[in-house]
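What follows is the residue order along each chain.
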Amino acid sequence: MRKATFIVMLGIAVAVMAGMSSVTWKTTSIDLGKVSQNELKELSFEFTNNSGSAIQILEAKGSCGCTNVKFPEGEIKSGETASITANFKSSKLGTFKKNIRIKTSDSDEYTYLYFNGEVVE
């Protein structure tokens with residue numbers, strides 16, 4: 001019985017450690033509020049590499065063609081802070097919720113950054 005309990009506890013510990021990211025985001029969501037139609041808004045999502053080694057941003061893509069994403073190329077050293085920036089071009093009137101999908105070299109999972117608002121005339 002003790003062996004089974006130990007194996008279960010070990011499995012839980014491994015799952016928790018695997019779910020922990022070495023990247024800490026200052027924020028993962030930005031509310032743009034009211035945005036004029038055809039206005040270009042710039043967004044910035046700051047993050048810090050808290051791992052013990054350098055990482056790379058492998059992919060950063062917006063959820064639609066209205067979002068142009070830029071990310072640091074090359075390594076982000078341990079303890080270093082960097083940003084993912086995006087330009088959002090508002091066109092359709094009404095509320096919106098968009099995302100940016102991020103893939104880093106330290107995880108097999110994607111991180112999603114969100115922004116929302118309302119396009120008005």
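In case you missed it, the structure is sitting above this.
As a further point, take the environment of Lys 34. With respect to the helices and strands, Lys 34 occurs in strand β2 (residues 29-36). Take Lys 34: its relative accessible area is 60%, and that puts it in the exposed class. Each C-alpha atom, one on Lys 34 and one on Gly 117, is 5.9 Å from the other, the two residues being 83 residues apart in sequence. Discounting chain neighbours no more than four positions away, the residues touching Lys 34 are Glu 118 and Val 120.

Of note, Ser 90 is situated in the loop between β7 (81-89) and β8 (94-104). Of the residues examined, Ser 90 reaches a relative accessible area of 0% and is grouped as buried. A distance of 3.0 Å separates a polar atom in the side chain of Ser 90 from the backbone nitrogen of Glu 39.

To continue, consider unusual backbone geometry. Backbone geometry at Asn 38 places phi at a positive 70°, although glycine is not the residue there. Relative to the helices and strands, Asn 38 is located in the loop between β2 and β3 (40-49).

If you trace the five strands from one edge of the open sheet to the other, you get β2-β9-β8-β4-β6, paired in mixed fashion. Sheet topology places β2 and β6 (75-76) at the edges, where each strand pairs with a single neighbour. Pairing between β2 and strand β9 (residues 110-120): six bridges, direction parallel. Counterpart to Ser 36 in the pairing with β9 is Val 120.

Rules and cut-offs
Along every chain, residues carry numbers that run from 1 in the direction the sequence is written. The predicted origin of the model limits local features to residues at a pLDDT of at least 70 and limits the giving and counting of side-chain atom pairs to 80 or more, whereas totals for whole chains, interfaces and linings rest on all residues. Just so you know, side-chain values use all the structure's heavy atoms and leave hydrogens and water out. Numbering of helices and strands starts at the N terminus; helices are DSSP runs of H or I of at least 4 residues and strands are runs of E of at least 2. Burial status follows relative accessibility: with a 1.4 Å probe on protein chains alone, a residue under 20% of its type maximum counts as buried, one over 50% as exposed, and anything between as partly exposed. Here a residue-residue contact requires only that any non-hydrogen atoms of the pair lie within 4.5 Å. Each polar contact in these results corresponds to two N or O atoms within 3.5 Å; when the atoms are within protein, one needs to be able to donate a hydrogen and the other to accept it, and residues that are neighboring in sequence are counted only if both atoms are side-chain atoms. Strands are labelled as partners when DSSP assigns at least two bridges between them.

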